[in-house]
Amino acid sequence: MKRSARWVGGGLLLGLLALVSAALWNRRTPPMPNPNGYDRLLALAATVPVFELDRVKTNQARLAELVQSQPRLLEDVLAANQLPSLVPVQYSREDLKGRMNAAGDLRRLEKAILARAIFAESEQRPADGVTARLAGIELGQKGSRGGLMVDFMVGSAIQMYGLAGFSNQVRNLDFETCQRALNSLRALREAQEPLSQFEKRERRWMLWSSGWWRDLDTTRELIASWKRPGESVSLFVTPAGRHRDLQKAYRETEAALEARLSAGESEEPSGKR
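Every value quoted in this text rests on a predicted model; they were computed, and no experiment measured them.

## Overview of the packing of aromatic side chains
Counting across every chain of the model gives one aromatic pair. One residue, Arg-201, lies across the ring of Phe-198, its end atom 5.0 Å from the ring centre.

Following this line, the structure appears as C-alpha cells:
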C-alpha cells in the first residue's frame, strides 16, 4: 500500500513537472537578432592568437607587435558592441559544452583588447586606453546577455577584471575623458541584464537537460536544485554573490571617477601632453 501511494505521488509529481516544463517551453523566446553581436564577437575572438597578457604587457616590442598584427580589432569590437546581442541558448548538455569553449574565446578577445589599452597608455594616450578598456567591459556584458548562469559568471568576470584595471588608470585621466568614462560606466551598469533572467533560463535548461522524466530520484534532485539555479557553476562564489561584487565594482569605479572630476575641475588636464 505504501509503495502504491509512493508511486502515485511520484506520478503526480512527474505530471506536474511535465506541465511546468511545457508551459516554460511554450513561452515565446525572443528571436535572435540579425546580425547578432554575440556571433560577431565570437568570430573576432577566433582571429586572436593564443597569448599570455601578463608576459606581453611588460615587453613593449611584443606588445606593439601584437597590437599591430590586427590593427582594426578594437574598431571591429566596438562595432560588434553596438549590435543587439543574445547568446543562442540550446537546451542541451552538448550545447553547454560548446559554449564553455566560446567562453574561453571571449576571455582571449578581452585580453587582446586590454593589450591595446595598455599599449595606448604606454604611449601616453590615456583617452585611447579608456576607449579600449570600456570596450572590454562592454564585451563581457554583450557576451553573456540572454545566456545561462555559466555565461553570467564568465561575462561578469570579464567586466570585473576590466573594472579593476580601469580603476588603476583613473588618476591619469583628464576632465573630459573622466566624464566620458563615467557616463559610459553608468550606462553599462544600467544596461546590465537582471540576474533573475539568467535564473529563469537556467531553470528552463535544468528541466530540459536533466532527464528528470527517467525516474523519481532524478526528479527529486531537480526539485532540490530548483531554488538555487546555477550554484554549481562555481566552487568559490554564488551567482548572487558575484552579482553583488559586480555592482560594487561598478560603484567603486564610478566613485573614483567622480572624485577625480571633483579634484580636477580647476587643474590643468593631466592626460594631455
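So, next bit.
## Side note on the confidence of the model for the chain
Predicted coordinates in regions of low pLDDT should not be interpreted in detail. Across the chain, the average pLDDT comes to 83, with 75% of residues at 70 or higher. Per-element confidence in the chain ranges from a low mean pLDDT of 48 for helix α1 (residues 2-26) to a high of 98 for helix α5 (residues 73-81). Within the model, pLDDT remains below 50 along residues 1-11, and this stretch shows three contacts once partners closer than five positions in the same chain are excluded. Low pLDDT (under 50) marks residues 269-273, which in the prediction has 12 contacts with non-local residues, meaning those over four places away or in another chain.

## Focus: helix α2 (residues 37-45)
For α2, the set of buried residues is Gly-37, Tyr-38, Leu-41, Leu-44 and Ala-45. Along α2, the residues classed as buried sweep out an arc of 125° about the axis, all on the same side. Next to the buried residues of α2 lie α5, α6 (93-122) and α7 (126-142).

## So, the nonpolar core
Counting 36 residues, the largest nonpolar core has Leu-41, Phe-51, Leu-73, Val-77, Leu-109 and Ile-113 as its most contacted members. Looking at this core element by element, the count peaks at 10 residues for α6. Membership of the second largest hydrophobic core comes to 17 residues, among which are Val-130, Ile-137, Phe-166 and Leu-246.

## Regarding the side chain of Gln-141
Mapped onto the elements, Gln-141 comes out in helix α7. When its relative accessible area of 3% is taken as the criterion, Gln-141 is described as buried. Within the local environment of Gln-141, its side chain forms a polar contact with the backbone oxygen of Leu-188, the two atoms lying 2.9 Å apart. Excluding residues that lie within four positions of it along the chain, Gln-141 makes contacts with Gln-159, Leu-188, Ala-191, Gln-192 and Tyr-250.

Procedures and definitions
Residues numbered from 1 in each chain as written. Predicted model: local features only at pLDDT ≥ 70, side-chain atom pairs only at ≥ 80, totals over all residues. Heavy atoms only, no water. Phe/Tyr/Trp six-rings, centres within 6.5 Å; stacked < 30°, edge-to-face > 60°. Lys NZ or Arg CZ within 6 Å of the ring centre and 35° of its normal. pLDDT = per-residue confidence, 0-100. Helix = DSSP H or I, 4+ residues; strand = E, 2+ residues; numbered from the N terminus. Contact = heavy atoms within 4.5 Å. Buried < 20%, exposed > 50% of the residue type's maximum accessible area, 1.4 Å probe, protein only. Arc of directions from axis to C-beta. Core = buried A, V, L, I, M, F, W, Y, C linked by side-chain atoms within 4.5 Å. Polar contact = N/O pair within 3.5 Å; in protein donor to acceptor, adjacent residues only side chain to side chain.

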